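Here's the letter readout for the chains.
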Amino acid sequence: MATTEATNTVLDSLGNLKRTHYCGDLRASDADRDVILMGWVHRRRDLGNLLFIDLRDRAGIAQIVFNKEQHPEAHARAEELRAEYVAAVEGRVVRRQKANPELATGEVEVVATKLYILNNAKTPPFVIEDEVAASEETRLRYRYLDLRRPKPRGNLALRHRVIFEIRKTLDALGFYEIETPMLTRSTPEGARDYLVPSRIHHGQFYALPQSPQIFKQILMIAGMDRYFQIVRCFRDEDFRADRQAEFTQLDLEMSFPRQDDIFGVIEQVMASACAVTGLKVKPPFPRMEYREAVRRYGIDKPDLRFGMELQDVSPFFAEAREALHIEGSIFALAAPGAAMYSRKQLDELTERAKSLGAPGLYTIKVAAEGVTSPLEKILGADQVKKLAEAVGAKAGDLVVAVAAKKQIKGTEAAALIAGQLRLHLAEQLKLIPKDRWEFLWLTGFPLFEWSETEKRWVSAQHPFTGIIEEDLDKLESAPWGVRSKGYDLVLNGVELGSGSIRIHRQDVQARVFRALGLSDEQARQRFGFFLDALTYGTPPHGGIALGLDRVVALLAGEKSIREVIAFPKTTAAVDLMAEAPSRVDSGQLDELGIALKPPEKP
């Protein structure tokens, strides 16, 4: 035994003591069994001769009873227990006189015969319960305490089960799990790399992988045929609720696939992952062309759990463009039940439309007795009525229309703005059913998009994405019209991941690099080893990468992926618990041949 300075509590040794059950696993069928439980003190209730302790471990909570008359030594020892002390209990499981329906173990309790106090604890900065008042910063600073709460602990358990089912499914489908390098070369095409200086080769750097893209394609050249990996990836970019600098993805590649083959594999994977939560998913998932998705929903990752599809209503404004100062297309939608919006609510909606880039907002209120709208003075009552009918508006609905001149990445800006208003209205009007799960495959993406910053065409996905054969002739003459063999998987309006059939011919890959503005020398400098590999009999191949953090967050009902990651970073890219990033001493920098620039003077 040892005495701690902080509390003078005598601590016991674990010795040969062996746990027989998890606290949260006890049930009525365990009555009259002798058990040994181990865990943390969750709550303490002292009633004099009876002292009750809720003992908690990762499986849940068990109520322990210390009876002073029956087991005075154990009772005396229990009086020293405080919140979050670590303890082991020997005792017998008995049925409770009055069951607690709020606990899975609520039909039984353990009558303690012996208590071992294995460690003490300071008073935590917040209560270890799901309803916690602490800020996210405090929770992340004391993440080891935060993870003791049932919900975060349950999220990590769910993550484990989802990944385990994915591995089983892919193994059954003939995939090899193969690890690819964490230290590789920098290929600055896309997000910023995290660079790692080499101690042996001064002035040279590794990069942490943004994805295993090139390596998994090389595995197909190597004849591995079916590869997958649960892999950590790194991107030095700004954080959001659904983005971290380091993240986990399911990476997958296949040789000789049709697009349907890849879709079929992923649909089986998602069905097995969803089944962990009791959710039944029915493949095949619906499919939609990129341009159709933007036209109907104003976004390339549409949420199909509710309607409110967009309509191009430009023809209704043909005679009124000059009077209304309209340039570009006009898109509209019908918001169910929103005809009751007040003047203030309509003004707020108009301001939102303006903040998204629209010059204003046009509205029509539809009632059983007819329609009313400021547009009647210019378009006429009959034309306004026809417009409302064209978007499928019914009595009680509000028709919302926006115009915008410019295009964004080749898409009508008015459609994109209307798509954002669609999502906003659906949230406000509570139109999104929380118990529906709508998967969707998006296909037919443009291969390139124009970068105003760089004044050149850049890859919409990555430069190894395959090209629709009939568009190959447009690579040099009309790159904006080239369609890719890329695809996205979307769930409830969240993009889970992207993939494509890849370029497997060296001549086509070289043409794509040139279309991206890379000279042959630049392409060889960045991707030389891969271009060489393409010359040794590369099979047709393709694959996909799914964001596992996003998948688990959706299945757990969490809005932020931070809630399903064991040790996430804040939106400022800081690990508050480990206090990273941090400075390093000059000796380490000297070994690496690195000198820091002095801070710039204000």
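Preceding this paragraph is the structure being described.
Residues numbered from 1 in each chain as written. Predicted model: local features only at pLDDT ≥ 70, side-chain atom pairs only at ≥ 80, totals over all residues. Heavy atoms only, no water.

Focus on the pattern of salt bridges
- Scanning all chains against the criterion turns up 46 salt bridges.
- Measuring nitrogen to oxygen at the nearest pair gives 3.5 Å for the salt bridge that ties Lys216 to Glu253. Here Lys216, found in helix H5 (residues 213-221), pairs with Glu253, found in strand E12 (residues 246-255); they are 37 residues apart in sequence, far enough to count as distant. An identical accessibility class is assigned to Lys216 and Glu253; each is buried. (Salt bridge = Lys/Arg side-chain N within 4 Å of Asp/Glu carboxyl O. Helix = DSSP H or I, 4+ residues; strand = E, 2+ residues; numbered from the N terminus. Buried < 20%, exposed > 50% of the residue type's maximum accessible area, 1.4 Å probe, protein only.)

Remarks on the nonpolar core
- Residues Ile166, Leu170, Leu250, Met270, Phe439, Leu489 and Leu496 are the most contacted members of the largest nonpolar core, which totals 40 residues.
- The element that contributes the greatest number of residues to this core is helix H6 (residues 259-275), accounting for eight residues.
- If we ignore the near neighbours within four places in the chain, the residues touching Leu496 are Met270, Phe439, Leu489, Val490, Leu491, Ala545, Leu546, Gly547, Arg550, Val551 and Leu554.
- Membership of the second largest hydrophobic core comes to 27 residues, among which are Met308, Ala404, Ala418 and Ala426. (Core = buried A, V, L, I, M, F, W, Y, C linked by side-chain atoms within 4.5 Å. Contact = heavy atoms within 4.5 Å.)

Description of the pairing of strand E24 (residues 486-491)
- Counting buried residues along E24, six of its six residues qualify, which places the element largely inside the surrounding structure.
- Here E24 shows a buried face lined by Gly486, Asp488 and Val490 and a second buried face lined by Tyr487, Leu489 and Leu491.
- Bridge count between strand E21 (residues 439-443) and E24: five bridges; the pairing is antiparallel. Bridged to Phe439 within E24 is Leu491.
- As paired elements, E24 and strand E25 (residues 494-501) share six bridges and run antiparallel to each other. Across the sheet, Gly486 pairs through a bridge with Ser500, a residue of E25.
- Remark: two residues form the turn of the hairpin made by E24 and E25, two consecutive strands paired antiparallel; Asn492 in that turn has positive phi of roughly 50°. (Pairing = 2+ DSSP bridges.)

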